[in-house]
Amino acid sequence: MKIRILVVLLAAWGFVSCVSVQTISFDQLCPAKFSMPEQVKNVAVVNNMPSIPEAKSNLATLGNLDGDGKQTAEAFANALADSKYFNQVVICDSALNEEQVSDAGIRSLPHEDVIRLAQDLGVDVLFSLDRVFLQNEKKNIIYPGLMEPWPVVVTRVTPVVSIYSPTRERPLQVIAPMDSLEWDLDRMPSDKELVKYTAAFSAEVLAHQVVPYWEHTERAYFTGGCVEMRDAAVYVKEGDWEGAKALWLSLYEHRKSGKVKARAALNLALASEMTGDLDAARKWLDEAGKRVEPGSDEDRIYKYLALKLEERRAGFPHLQIQMRRFGNNLPE
């Protein structure tokens, strides 16, 4: 399970019981790792995996397993369709590869098969699901506060997809992202349950590689210390960032306290990010950085906001390219 990093950090910094710091949660549009050409409108997901023996419901295997091609291809196609990024997503989940699973590796689609499939399905690009590699490994994890290591099973999931165009002899791209799941040792799923669960998990991991996706994220801001800060917090709860900005700007311009100015600047950086002005957010963070004391509460919030902002700024040009097909209508 994913731990909300910001909440953990706030607890570590002693902010949980501090009423002057609040967190805000929101969904942020993130760029895909690979940018699909704008002219690619219709796509198909095809199952190019070798057949595997049926997974057992009374067995949990430590070691290597193969995922299910049909389940994963269907889940991947559904994830692409749900993104509404392409005009049409077609699923061809009947196995193209009749070979039995072996150590031979991945079978590429012949170019003539790509041309035929693209014509038959009426698509511009094929996403060929070639393999889903699963590896279960027992590990002992040391958690803070526990006297002894905690035994878990880590499942490493590596789906492999080749992206084909009928106009190219070779794949446009081969993607093989790796992600992992963690289970308590006594709650490790059976092979059958694992194959079903990792089909949906693999689909989400793959979709994030080729289409923009929404990610739940969090930020922190200061709310206490004076009436203006508390009033601005009310504006934030109502979604009125411009109203909050006006109060924080007044504080920044009229207060002499370096701490108040630092907190106001940090809040203004967040407000600028939330209203889509990432350059202004960077400028306000720079202003805050001049006034925060090393090791202070303001310094910790400053470092966290700066980290998240730079991650967002780094991905923003890619997101603009990927959303060009929608007239660069980027959600705020």
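The structure displayed is predicted, hence computed values, not measured ones.

### Side note on the packing of helix H8 (residues 278–289) against helix H9 (residues 297–322)
Viewed as axis vectors pointing N to C, H8 and H9 meet at an angle of 155°, and their least axial separation amounts to 11 Å. On the basis of the axis angle, H8 is roughly antiparallel to H9. The chirality of how H8 crosses H9 is left-handed. Judged by residue contacts, Leu278, Asp279, Ala281, Arg282, Leu285, Ala288 and Gly289 of H8 engage Tyr302, Leu305, Ala306, Leu309, Glu310, Arg312, Arg313 and Phe316 from H9.

### Some details on the pairing of strand E5 (residues 125–141)
Where strand E2 (residues 42–47) and E5 come together, five bridges link them in parallel fashion. In the strand pairing of E5, Ala44 is matched with Leu126. Both strand E3 (residues 63–66) and E5 contribute to a ladder of four bridges, which runs antiparallel. The partner of Gly63 across the bridge, within E5, is Asn136. As paired strands, E5 and strand E6 (residues 150–164) are joined by 15 bridges and run antiparallel to one another. Directly across from Leu126, in E6, lies its bridge partner Tyr164.

### Examining the packing of helix H7 (residues 258–274) against H9
The angle between the axes and the distance between the axes are what describe a pair of packed helices. With their axes 11 Å apart at the nearest point, H7 and H9 run at an angle of 20° to one another. Judged by the angle between their axes, H7 and H9 are roughly parallel. In this structure, H7 meets H9 at a crossing whose hand is left-handed. Every residue of H9 that contacts H7 at Lys259, Ala262, Arg263, Leu266 and Glu273 is listed here: Glu298, Ile301, Tyr302, Leu305, Leu309 and Arg312. Class assignment of the residues belonging to the contact of H7 with H9 gives a composition of six nonpolar, no polar and five charged.

### Topic: the packing of aromatic side chains
Under the definition given, this model contains seven aromatic pairs. When the ring of Phe86 is compared with that of Phe127, the centres are 6.3 Å apart and the planes differ by 55°; the resulting orientation is tilted. Taken together, the positions of Phe86 in the loop between helix H2 (69–83) and strand E4 (88–92) and Phe127 in strand E5 put the pair 41 residues apart, joining distant regions of the chain. Residue Phe86 shares its accessibility class with Phe127, and that shared class is buried. Summarising the aromatic geometry, the rings of Trp183 and Tyr197 are spaced 5.5 Å apart at their centres and angled 75° between planes, so their arrangement reads as edge-to-face. With a gap of 14 residues between them, Trp183 in strand E8 (residues 179–184) and Tyr197 in helix H4 (residues 191–210) connect regions that are remote in the sequence. Here the aromatic residues Phe76, Tyr85, Phe86, Phe127 and Phe326 are joined through ring pairs into a cluster of three or more. Lying over the aromatic face of Tyr252, Lys261 brings its terminal NZ or CZ to 4.6 Å of the ring centre.

### Some remarks on the pattern of salt bridges
Applying the stated criterion to the full structure yields 18 salt bridges. The shortest N-O distance in the salt bridge between Glu287 and Lys290 comes to 3.1 Å. Look at Lys290 and you get exposed, because its relative accessible area is 61%.

### Here we look at helix H3 (residues 111–121)
For H3, the complete set of buried residues consists of His111, Asp113, Val114, Leu117 and Ala118. End-on, the buried residues of H3 take up no more than an arc of 155°, which puts them together on one face. In H3, the exposed residues that point more than 90 degrees away from the buried face are Glu112, Gln119 and Asp120. On its buried face, H3 is in contact with E5 and E6. Looking one or two residues past H3, Gly122 carries a phi angle of roughly 65°, positive in sign.

### Some words on the environment of Val210
Secondary-structure assignment places Val210 in helix H4. In this view, Val210 contacts Ala32, Phe34, Met36, Phe76, Leu80, Tyr85, Phe127, Ile163 and Ile175; residues no more than four positions away in its chain are not counted.

Cut-offs applied
- Residues numbered from 1 in each chain as written.
- Predicted model: local features only at pLDDT ≥ 70, side-chain atom pairs only at ≥ 80, totals over all residues.
- Heavy atoms only, no water.
- Axes fitted to C-alpha atoms, helices over the stretch in contact; angles between N-to-C directions.
- Helix = DSSP H or I, 4+ residues; strand = E, 2+ residues; numbered from the N terminus.
- Parallel < 35°, antiparallel > 145°, perpendicular 65-115°, else oblique.
- Left-handed = near helix turned anticlockwise from the far one by under 90°.
- Contact = heavy atoms within 4.5 Å.
- Pairing = 2+ DSSP bridges.
- Nonpolar A, V, L, I, M, F, W, Y, C, P; charged D, E, K, R; others polar.
- Phe/Tyr/Trp six-rings, centres within 6.5 Å; stacked < 30°, edge-to-face > 60°.
- Buried < 20%, exposed > 50% of the residue type's maximum accessible area, 1.4 Å probe, protein only.
- Lys NZ or Arg CZ within 6 Å of the ring centre and 35° of its normal.
- Salt bridge = Lys/Arg side-chain N within 4 Å of Asp/Glu carboxyl O.
- Arc of directions from axis to C-beta.

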